[in-house]
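Structural features, examined
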Amino acid sequence: MQLLDNPIRPYAWGSPTAIPRLLGVPPTGEPQAELWMGAHPGSPSLLLGREHSLLDLISADPEGELGPESLQEFGPRLPFLLKLLAAQDPLSLQAHPDPDQAREGFDRENAEGVPLDAPHRNYKDADAKPELICALTPFEALVGFRPPEQTLEAVTGFGVEELEPLLAQLREEPNAQGLRAAFTMLMTAPAERQQAVVDAVLAACEGNDHPDADLARRLGQKYPGDPGVVAALLLNHVQLSPGEALYLPAGNLHAYVQGVGVEILANSDNVLRGGLTAKHIDLPELLRILDFTPRATEVLLADEEGVYDTPAKEFRLSRFEVTGGTEVTIEPDGPQILLCVEGHVAARSELGKVDLTPGRSAWVGATEGQVTLAGEGTVFRAGSGL
């Protein structure tokens, strides 16, 4: 086992205080949005006290660090990326492709000669990007299209004439087809029409204490005139308590609004954005991959073994509560990262020992063997889902 020195990404939507508070270090004054733990080529974790990265370590001995099963399924790379995410402002409305869409899009943009680092490139690699977010604090998110009748019940009461064409689509077809038609109508309207709709919705939300009105006001303050402010009203608005989680499969339109959480995702950079952002938006491509199926959001809890069960083969997230006088045993299971978010926990194996405190993480290679956790605290374990 080896402690990690992890990079922090200073995206503008990040909290300047949440990650420093967890790490027990002074704030820098700039937003600190994500702490990355893994071997992503763009920002790999370093091995604490050593001159090389986790990416270097894996590259030097992929079978020893990853294990034969992971190596056969994913090749010589770590299939997951673990993050601490701290959102003070909303992230962009976005979705991710499935494996076939990712491969087709990557090959297509390669054939078109689009540089990998071009800001308008959609597909940076050929991989899908399922995600899971587990709340550490109260966490607010928009996740997937909600049943149209819920939008109609909430928004009709706003009395916004400019919304009637969109709502008419939902009344006529209260299903995936109606959601696709309404979303497409909104997002492809001329800019002046979008501005008029957003302004009318925000005017109607003033003084309205409905949760949807409050959400629209907050989004409108951050992104005035952005059609994503209205598109958010088509989505499930979810409030997670600490320990609760959301799984985001391919095609799920979502945006994290506010809160701190542990996120695990497939090690991919493929994102299709639809709004609430200044970054590149490719609306036709987004519409091609979106899943408009209306459904209620399933909030996940850890099972009796601490596992958040998902169908993702790239990752599996577990949460362990370690208490004095007891030990938690983690069996060998391919490559793993351990992250402490509370307390003080000692992780031991036959090959070594590390002490974990809040924000500190450790790499556990495939040959490490059984690991035992002891002390008082909360530890997340990231591994593959094979």
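Criteria and cut-off values
Residues numbered from 1 in each chain as written. Predicted model: local features only at pLDDT ≥ 70, side-chain atom pairs only at ≥ 80, totals over all residues. Heavy atoms only, no water. Helix = DSSP H or I, 4+ residues; strand = E, 2+ residues; numbered from the N terminus. Expected span 1.5 Å × (residues − 1). Polar contact = N/O pair within 3.5 Å; in protein donor to acceptor, adjacent residues only side chain to side chain. Phe/Tyr/Trp six-rings, centres within 6.5 Å; stacked < 30°, edge-to-face > 60°. Lys NZ or Arg CZ within 6 Å of the ring centre and 35° of its normal. Salt bridge = Lys/Arg side-chain N within 4 Å of Asp/Glu carboxyl O. Buried < 20%, exposed > 50% of the residue type's maximum accessible area, 1.4 Å probe, protein only. Axes fitted to C-alpha atoms, helices over the stretch in contact; angles between N-to-C directions. Parallel < 35°, antiparallel > 145°, perpendicular 65-115°, else oblique. Left-handed = near helix turned anticlockwise from the far one by under 90°. Contact = heavy atoms within 4.5 Å.

If you check helix α5 (residues 99–111), its first and last C-alpha atoms are 18 Å apart, about what 13 residues at 1.5 Å a residue would give, namely 18 Å. Two or three places before D100, at the opening of α5, D98 has a side-chain oxygen 3.1 Å from that residue's backbone nitrogen.

If you walk through the whole model with that rule in mind, you get five aromatic pairs. With a centroid separation of 5.4 Å and 75° between ring planes, the pair formed by F139 and Y256 is classed as edge-to-face. Note that F139 is positioned in strand β8 (residues 139–145) and Y256 in strand β11 (residues 254–266), a separation of 117 residues in sequence. Feature note: the residues F145, F183 and F292 constitute an aromatic cluster, connected by ring pairs. Taking the ring centre of W36 as reference, the NZ or CZ of R9 above it sits at 4.3 Å. Lying across the ring of Y11, K279 places its NZ or CZ 5.4 Å from the centre.

All right, on to the pattern of salt bridges then. Pairing between side chains becomes possible if they bear opposite charge and their charged atoms approach one another. All chains considered together, the criterion is met by 19 salt bridges. Ionic pairing is found between E104 and R108, a salt bridge with its closest N-O pair at 2.9 Å. With E104 and R108 both in helix α5 and four residues apart, the pair spans about one turn of that helix. For E104, a relative accessible area of 36% puts it in the partly exposed group. Of the charged contacts, one joins D291 and R295 as a salt bridge, the two residues approaching to 3.2 Å between their closest N and O atoms. On the basis of relative accessible area, D291 is assigned to the partly exposed category, the value being 27%. Here the salt bridges share partners, and the residues they tie into one network are E104, R108, E285 and R288.

Turning our attention to the packing of helix α9 (residues 191–205) against helix α10 (residues 211–222). The contact between α9 and α10 brings their axes to 9 Å, and the two run at 125°. With respect to α10, the axis of α9 lies oblique. In the packing of α9 onto α10, the handedness of the crossing is left-handed. Here V201, L202 and C205 of α9 lie close against α10, whose contacting residues are A213, A216, R217 and G220.

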